[in-house]
Amino acid sequence: GSPGKRRRSTDNEEDNVMLSYTREHLTENTAYIFRVMSKQPGGQVSFSEPIHAHTLHQAWAQQLTVAESAALEELCRGCGVSEAFNALSKALYDCDTLSQLEASDLDDVLEALHVLPKHRERLKRALSAPPGVPP
């Protein structure tokens, strides 16, 4: 299979290292089990507990639903960044998904989709606002 994508981030306070791993081109509607292997400088090898994942049916993620699309468009329009709607929608990011991302992951998504920095800040404020409160 194809290798996954890895991203490394460091928590400076505790000097812990966290890796994230993305595996692409998986078969739809299939169960997978992943384990992480670590190798110490002395040659010791250890494995994480198994991580279970199940891919969804491919048709699930072809486009946002009408309701998700309308909510995303309203969010973008409401904070003055209507031009970000198409990129977010095509990448299948709805409001719920965006609002659940960690701040650094949201920054990565918005940067990868070429959302202007000033628009990123507006979107982040709008996504962090309680429902019904204007951004």
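Keep in mind that this is a model prediction, so the values were computed, not measured. (Residues numbered from 1 in each chain as written. Predicted model: local features only at pLDDT ≥ 70, side-chain atom pairs only at ≥ 80, totals over all residues. Heavy atoms only, no water.)

A. Up close: the overall build of the protein chain. Looking only at helices and strands, the protein chain features five helices and six strands. Starting at the N terminus, the α and β elements of the protein chain follow one another as β-β-β-β-β-β-α-α-α-α-α. Taking the contacts inside the protein chain whose residues are at least 6 apart along the sequence as the reference set, 36% of them involve residues at least 24 apart. Within the structure as shown, the protein chain displays about 10300 Å² of accessible surface, and the carbon and sulfur contribution to it stands at 52%. (Helix = DSSP H or I, 4+ residues; strand = E, 2+ residues; numbered from the N terminus. Contact = heavy atoms within 4.5 Å. Areas by Shrake-Rupley, 256 points an atom, 1.4 Å probe, with all protein chains shown as cover.)

B. The arrangement of helix α5 (residues 117–128) in detail. If you check α5, its first and last C-alpha atoms are 17 Å apart, about what 12 residues at 1.5 Å a residue would give, namely 16 Å. Within the span of α5, buried status applies to His119, Arg120, Leu123, Ala126 and Leu127. Down the axis, α5 shows its buried residues gathered within 130 degrees of arc, on one side only. Seen from the buried face of α5, the exposed residues on the opposite side, beyond 90 degrees, are Pro117, Lys118, Arg125 and Ser128. Tucked into the core, α5 has its buried residues touching α1 (66–78), α2 (84–90), α3 (95–100) and α4 (103–112). (Expected span 1.5 Å × (residues − 1). Buried < 20%, exposed > 50% of the residue type's maximum accessible area, 1.4 Å probe, protein only. Arc of directions from axis to C-beta.)

C. Region of the structure containing the packing of aromatic side chains. The final tally for this structure, using the stated rule, is one aromatic pair. Aromatic pair Tyr32 and Phe34: ring centres 6.2 Å apart, planes at 20 degrees, arrangement stacked. Given a relative accessible area of 25%, Phe34 falls into the partly exposed group. (Phe/Tyr/Trp six-rings, centres within 6.5 Å; stacked < 30°, edge-to-face > 60°.)

D. Seen up close, the confidence of the model for the protein chain. Counting all residues, the mean pLDDT for the protein chain is 81, and 79% of those residues have values of 70 or more. Per-element confidence in the protein chain is highest for α1, whose mean pLDDT is 92, and lowest for strand β1 (residues 5–11), whose mean pLDDT is 52. (pLDDT = per-residue confidence, 0-100.)

E. Quick look at the environment of Lys39. Tracing the chain through its elements places Lys39 in strand β4 (residues 37–39). Excluding its chain neighbours within four sequence positions, the residues that come into contact with Lys39 are Gln44 and Val45.

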